[in-house]
Amino acid sequence: MSEPLTLLLIGFAIILLTYVLVKPQSGLITYLIKNKNANQKTLLEDALKFIYNCEYNNINCTLNSIAGNLSISADVAAGIVAKLQNMGLLQVDRDYLALTSEGKSYALRVIRVHRLWEKFLADETSMTEKEWHKAAEEIEHKLSEEEADKLAAQIGNPVFDPHGDPIPTASGEIPERAGKHLTEMQPGEMATIIHIEDEPHTIYSQILAEGLYPGIQIRMIEVNDKRVKFEANGEECILSPLIAKSITIGPIKFEKPVEGKLKTLSHLKVGEKGIVLGIAKSLRGQQRRRLMDLGIVPGTEIEAELESITGDPVAYRVRGATIALRKEQADKIYLVKEEEKN
């Protein structure tokens, strides 16, 4: 190849590379700048959420706690705090951090989107509990207020998310925290789980692994500084006090008053009958609607009619029709045996 042609090709390559780097709207440099700004916005909003949650739960928020929650260095956290202060969203007095009214409003807008999206995923999709939070973490930084309002209207303007957290209204109103920590229960006391904290993810995963969810009934057996032992729908659970503090309990509530010993549908043997009390709140979306459409609602009589060779699924008689349900579904339908209801 001749030298002039080589120089020409090199020159063309340089021009092409320059164009790719600085092309308006879609150049690499433009992309990197936009990406950096997006990451900065995400960090600022995540910090606002964390500070708000600390205030809501009466926990002291520090620079180190922000760094730990966002998985960033203390220097980066200091920069974020300074930025929020300059934006008029945060007040800083030595180690004391407090959101301004503008900061609180901003934080609640982000939290509103997050919890609305989790509610949407729980009720309208087949995504699991472990997937809701991660997906909501991504969308909360992208949805506008108008889009959030449309989403809320689409799913019926819910008041609570799947974890039992209150969803802020469009005007930024949110109820005060209710209930008490699981660790505050006394042996023999009964209650209902009304909220499970979904952060940090490691603790939330351990709670899910125990099959716990908002709406489940529990009875405390033992509580001390080493372990918390309780019964949840007939199953014994043991948690460390650290994990138990992520669970909030409240008064027992059922869709129908309990008139006997509480059991799940899977306890029925062939030929036995029961009266439905309700469906566990962990059974959501299309599966829940299908069961209700089949007539599995409070007050309905249901009979175990036929068991498969493997024992799963089982055929049940409901309102003159026979339906097959797997054990994982039957475990989430509460009832009282017919002979025990009086």
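Below or above, wherever it landed, is the structure these notes cover. The shown structure was predicted, so the numbers you read here are calculated from the model rather than taken from an experiment.

### Considering the pairing of strand β13 (residues 321-325)
Here's step 1: Looking at chain direction, strand β12 (residues 314-318) and β13 are connected through 5 bridges and run antiparallel. Along β13, the bridge assignment pairs Val318 with Ala321.
Here's step 2: Hairpin connection of β12 to β13: 2 residues between the antiparallel strands, including Arg319 at a positive phi of 50 degrees.

### Digging into the sheet that holds strand β3 (residues 180-181)
Here's step 1: Here 6 strands make up an open sheet; going across it, the order is β3-β8-β4-β5-β6-β7 and the pairing antiparallel. Since the sheet does not close on itself, it has two edges, and those belong to β3 and β7 (235-239), each with one partner.
Here's step 2: For strand β4 (residues 190-196) and strand β5 (residues 217-223), the ladder comprises 3 bridges, and the chain directions are antiparallel. Counterpart to Met190 in the pairing with β5 is Arg219.

### So, the pattern of salt bridges
Here's step 1: What the rule picks out here adds up to 12 salt bridges.
Here's step 2: Its salt-bridge partner being Glu45, residue Lys41 comes within 2.9 Å of it at the nearest N-O pair. Residue Lys41 and its partner Glu45 are both found in helix α2 (residues 28-56); the two are separated by 4 residues, about one turn of the helix.
Here's step 3: With relative accessibility at 3%, the residue Glu45 sits in the buried group.
Here's step 4: A salt bridge links Asp331 to Lys327; the nearest nitrogen and oxygen atoms lie 2.9 Å apart.
Here's step 5: Overall, Asp331 belongs to the partly exposed group, its relative accessible area being 29%.

### Some words on the environment of Leu182
Here's step 1: Mapped onto the secondary structure, Leu182 falls in the loop between β3 and β4.
Here's step 2: Using a relative accessible area of 0% as the deciding quantity, one classes Leu182 as buried.
Here's step 3: Distance in space between the C-alpha atoms of Leu182 and Lys245 is 6.1 Å, their sequence separation being 63 residues.
Here's step 4: Setting aside its immediate chain neighbours within four residues, Leu182 contacts Ile218, Met220, Val228, Phe230, Leu239, Ala244, Ile247 and Ile249.

### Things to note about the nonpolar core
Here's step 1: Ranked by internal contacts, the top residues of the largest apolar core, which has 26 residues, are Leu182, Leu212, Ile218 and Phe230.
Here's step 2: Elements with a minimum of two residues in this core: β4, α8 (201-209), β5, β6 (228-232), β7, α9 (241-244) and β8 (247-250).
Here's step 3: Here Ile218 is in contact with Leu182, Met185, Glu189, Met190, Ala191, Ile193, Phe230, Glu231, Ala232 and Ile249, once residues within four sequence places are set aside.
Here's step 4: Membership of the second largest hydrophobic core comes to 25 residues, among which are Leu44, Tyr56, Leu84 and Ile111.

What counts as what
Residues numbered from 1 in each chain as written. Predicted model: local features only at pLDDT ≥ 70, side-chain atom pairs only at ≥ 80, totals over all residues. Heavy atoms only, no water. Pairing = 2+ DSSP bridges. Helix = DSSP H or I, 4+ residues; strand = E, 2+ residues; numbered from the N terminus. Salt bridge = Lys/Arg side-chain N within 4 Å of Asp/Glu carboxyl O. Buried < 20%, exposed > 50% of the residue type's maximum accessible area, 1.4 Å probe, protein only. Contact = heavy atoms within 4.5 Å. Core = buried A, V, L, I, M, F, W, Y, C linked by side-chain atoms within 4.5 Å.

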